[in-house]
Amino acid sequence: MRSLRLAAVLLAVFTGSLALALAQGDSRHSGYQDMGPALRKMQDDDTANPAMLFVQSGEALWSQKAGAAGKSCADCHQHATVSMKGVAARYPAVAGETGEPVDLEGRINLCRTNHQQAPALATESDELLGLSAYVALQSRGQPIAPPNDVQLAALRAKGAEIFRQRQGQLNLSCANCHDDNPGKKLAGATIPQGHPTGYPIYRLEWQALGSLKRRLRNCVVGTRAEAWPFDAAEYLALESYLMERARGMAMDAPGVRP
Amino acid sequence: MKRMLCALLLLLPGLASAQQDSMPSLTGKPGDPTRGRAIVANRSVGLCLLCHSAPIPEERFQGNLAPNLAGSGSRATPDQLRLRVVDAARLNPDTIMPPYYRVDGLTRVARNFQGKTILTAGQIEDVVAYLASLKE
């Protein structure tokens, strides 16, 4: 009995010091830090960041009435600057209406279909990206804080498994690049640690704003693996795992990437 | 003592084949180093420069995830280079170098690449001929 208590104390001391060590030696950083000065400047300056144009149209949509309910987002959520602060830093999360995990885009579409009684916005449409960029902007500087939930824990575990699974004709796992080789050059590109802090991003290569899913899809295709369809559970699992992996890091959406 | 050594030697062939470090020609014909260079340089055919650098100055963006290919021909024989390109995992199970001439043991390969090797046998021979020509 006493030895059990001792073990518990030792364990507590150990995990405590582990947490401290992690906090002191946190080598995680946003993909922002892997970019050159010109791109960093573009992201820092809201008048130069092309993603801000989408944010503006998202802001306009926020107070536009839609659907059979004739309601705007603002009718229920009032000022996004207040009601949406820190929200994007928590997603994916479980939706109250369905009891199912959704990502931010999925959450917005639930409001479209359930609360506005309007058709869901198409994946990667300017409207959906604009709204999610506008909502994500309200979490700038907020620490990523995934909710504690058993369903999400299961999803994260699934995501972690996919992250370490080698796949595709090139037989590479996400971890091979993002855990084992960050900072190195893959041809011209610096391999980032792969954190989701800045999404949605404006990617110069796309000449467009794109979601985290689109980014993940690009990486999957790069390994010559079969890309999952946009509504596949695998993305939600990977997104949940990536957010957990980035827990505590500051949100810096909307980002700019090469 | 001697008997023990003999017993050990008898065990060796198994060991040697598990860790074989070379492979004979896939086609029986010598490859073409000029074609091999073009394959190595091509980002969507050889993909080598994603990870490696090589003495191919006209390609500006080269990777640094892997050793520079300059001098490959001084460090290894053509048969050793061939095994490396065919399936580097046979030398290092944790390698990130893709298996260029293997179709089994892969997961979720995209439909358009299923059942296909990254390079053909002829292309492998061209690449090996190019690598072997890189002497230091």
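Here is what the cut-offs are and how they apply
Starting afresh in each chain, residues are numbered from 1 along the sequence in its written order. Starting at A for chains and at 1 for ligands, labels are handed out in the order in which the entities are written. Per-residue local features of the predicted model are confined to residues with pLDDT of at least 70, and side-chain atom pairs are confined, for both listing and counting, to 80 or more; whole-chain, interface and lining totals are unaffected and use all residues. Heavy atoms from the whole structure form the basis of all side-chain values; hydrogens and water molecules are not counted. In this text, helices come from DSSP runs of H or I with a minimum length of four residues, and strands from runs of E with a minimum of two, each type numbered from the N-terminal end. Throughout this description, buried means an accessible area under 20% of the type-specific maximum (1.4 Å probe, protein chains only), exposed means over 50%, and partly exposed covers the range between. In these tables, accessible area is a Shrake-Rupley quantity obtained with a 1.4 Å probe, and a residue counts as shielded only by the protein chains included in the view. The globule rule used for comparison is 2.2 Å times the number of residues to the exponent 0.38, while the radius of gyration itself is calculated over C-alpha atoms. Only heavy atoms matter for contacts: two residues are in contact if any of them lie within 4.5 Å across the pair. When charges are counted, neither His nor the chain ends are considered; positive counts come from Lys and Arg and negative counts from Asp and Glu. For the purpose of locating charges, the reference atoms are NZ of Lys, CZ of Arg, CG of Asp and CD of Glu. Here a cavity denotes a set of grid points, spaced 1 Å apart and computed over the protein atoms alone, in which a 1.4 Å probe fits but from which it cannot get out, and a pocket denotes an open set meeting protein on both sides within 12 Å along at least five of seven lines; residues with an atom within 4 Å of a point are reported as lining. Grid points are joined across faces, edges and corners, and a volume is the space filled by probe spheres set on the points. Amino acid classes used here: Ala, Val, Leu, Ile, Met, Phe, Trp, Tyr, Cys and Pro are nonpolar; Asp, Glu, Lys and Arg are charged; the rest, including Gly, are polar. Where each domain starts and ends comes from a domain assignment, either automatic or drawn from a database. Residue-level confidence of the predictor, termed pLDDT, takes values from 0 up to 100. Accessible-area loss on putting two parts together, using a 1.4 Å probe and summing over both, is the definition of buried area adopted here. Salt bridges are defined by distance alone: a side-chain nitrogen of Lys or Arg within 4 Å of a carboxyl oxygen of Asp or Glu. By definition here, a helix of n residues has an expected span of 1.5 Å times n minus one. Contacts described as polar in this section are N or O atom pairs within 3.5 Å, which, within protein, must combine one atom able to donate a hydrogen with one able to accept it, while residues neighboring in sequence count only if both atoms come from side chains.

**Q** Describe the overall build of chain B, naming the residues involved and giving the relevant values.
**A** The number of helices and strands found in chain B is six helices and zero strands. Split into buried and exposed, the 136 residues of chain B put 37% on the buried side. Per element, the accessible surface of chain B, about 8,100 Å² overall, is 59% carbon and sulfur.

**Q** Before we move on, can you summarise the overall build of chain A with the specific residues and values?
**A** A count of helices and strands for chain A gives eleven helices and seven strands. The globule rule puts the C-alpha radius of gyration for 258 residues at 18 Å, and the 20 Å found for chain A is close to it. Counting over 258 residues, chain A shows a buried share of 48%. Long-range pairs, those at least 24 residues apart, make up 65% of the contacts in chain A with a sequence separation of at least 6. When the accessible surface of chain A is totalled, it reaches about 12,600 Å², and 58% of it is carbon and sulfur. Charge separation in chain A, taken as the distance between the mean sites of 27 positive and 25 negative side-chain charges, equals 5 Å.

**Q** Which residues make up empty space enclosed by the protein, and what values go with them?
**A** Residues and elements named next belong to chain A. Counting across every chain of the model gives one cavity of 30 Å³ or more. Listing elements by their share of the lining of the largest cavity, those giving two or more residues are helix 6 (104-115), helix 7 (126-137) and helix 11 (233-245). A breakdown of the residues in the lining of the largest cavity according to their chemical character gives eleven nonpolar, one polar and three charged. Mapped onto the domain boundaries, the lining of the largest cavity takes at least three residues apiece from domain 1 (2-13 + 30-46 + 144-257) and domain 2 (52-137).

**Q** With reference to specific residues and values, describe the confidence of the model for chain A.
**A** Across chain A, the average pLDDT comes to 93, with 91% of residues at or above 70. Contacts for the low-pLDDT stretch residues 6-18 of chain A, under 50 throughout, to residues beyond four places or in other chains number zero contacts.

**Q** Any chance you could break down the interface of chain B and chain A for me, citing the residues and the numbers?
**A** The partner chain A presents 21 residues to the 28 residues of chain B that form the contact. Contact with chain A buries area across many residues of chain B, yet Leu65, Ile96 and Arg108 of chain B alone supply 30% of it, more than any other trio. Between the two partners, chain B and chain A, sit one salt bridge. Across the pair Arg111 of chain B and Glu226 of chain A runs a salt bridge, and its minimum N-O distance is 3.1 Å. For the side of chain B that touches chain A, the per-class residue count stands at 15 nonpolar, seven polar and six charged.

**Q** Can you break down helix 11 of chain A residue by residue, with the values?
**A** For an α-helix, 3.6 residues make a turn, and residues three or four places apart therefore share a direction. Residues and elements named next belong to chain A. For helix 11, spanning 13 residues, the distance from its first C-alpha to its last is 18 Å, which sits close to the expected 18 Å at 1.5 Å a residue. The element helix 11 is extensively covered by neighbouring structure, given that ten of its 13 residues are classed as buried. Those residues of helix 11 not exposed but buried are Tyr235, Leu236, Ala237, Leu238, Glu239, Ser240, Tyr241, Leu242, Met243 and Arg245. Residues of helix 11 that are buried make contact with strand 2 (101-102), helix 8 (150-164), helix 9 (174-178) and helix 10 (212-222).

**Q** Any chance you could break down the domain arrangement of chain A for me, citing the residues and the numbers?
**A** All names here are of chain A. Split by domain assignment, chain A resolves into domain 1 (2-13 + 30-46 + 144-257) and domain 2 (52-137). Each of domain 1 and domain 2 has a C-alpha centre, and these two points are 23 Å apart. Each partner contributes residues to the interface: domain 1 has 25 residues there, and domain 2 has 23 residues. A buried area of about 1,900 Å², summed over both sides, lies between domain 1 and domain 2, and 68% of it is on carbon and sulfur atoms. Summed over the shared surface of domain 1 and domain 2, the result is one salt bridge. One salt bridge in this structure joins Lys213 and Asp103, with 3.3 Å as the shortest N-O distance. At the junction of domain 1 and domain 2, the tally comes to four residue pairs in polar contact (both at pLDDT 80 or more).

**Q** An account of the pattern of salt bridges is requested, with residue identities and associated values reported.
**A** Residues and elements named next belong to chain A. Tallying each qualifying case throughout the model produces 18 salt bridges over all chains. With its nearest N and O atoms 2.8 Å apart, the salt bridge here joins Arg107 to Glu97. Taken together, the positions of Arg107 in helix 6 and Glu97 in the loop between strand 1 (93-94) and strand 2 put the pair ten residues apart, joining distant regions of the chain. If you follow the salt bridges from partner to partner, you end up with Arg156, Glu244 and Arg247 in one network.

**Q** Requested: an account of the layout of surface pockets, with residues and values cited.
**A** The space that makes up the largest pocket amounts to roughly 1,500 Å³. Mapped by element, the contributors of at least two residues to the lining of the largest pocket are helix 9, strand 3 (185-186), strand 4 (189-190), helix 10 and helix 11 of chain A together with helix 3 (48-51) of chain B. It is helix 10 of chain A that contributes the most residues to the lining of the largest pocket, eight residues altogether. Considered class by class, the residues forming the lining of the largest pocket number 28 nonpolar, twelve polar and eight charged. Considering only enclosed or pocket space, the second largest pocket measures out at about 560 Å³ in volume.

**Q** Tell me about unusual backbone geometry, and name the residues and values.
**A** Residue and element names in this part refer to chain A. Cis rather than trans, the peptide bond between Tyr91 and Pro92 has omega equal to 0 degrees. Among the secondary structure elements, Pro92 is positioned in the loop between helix 5 (80-83) and strand 1. The residue Gln207 is not glycine, and still its phi comes out positive at about 55 degrees. Along the chain, Gln207 falls in the loop between strand 5 (201-203) and strand 6 (208-210).

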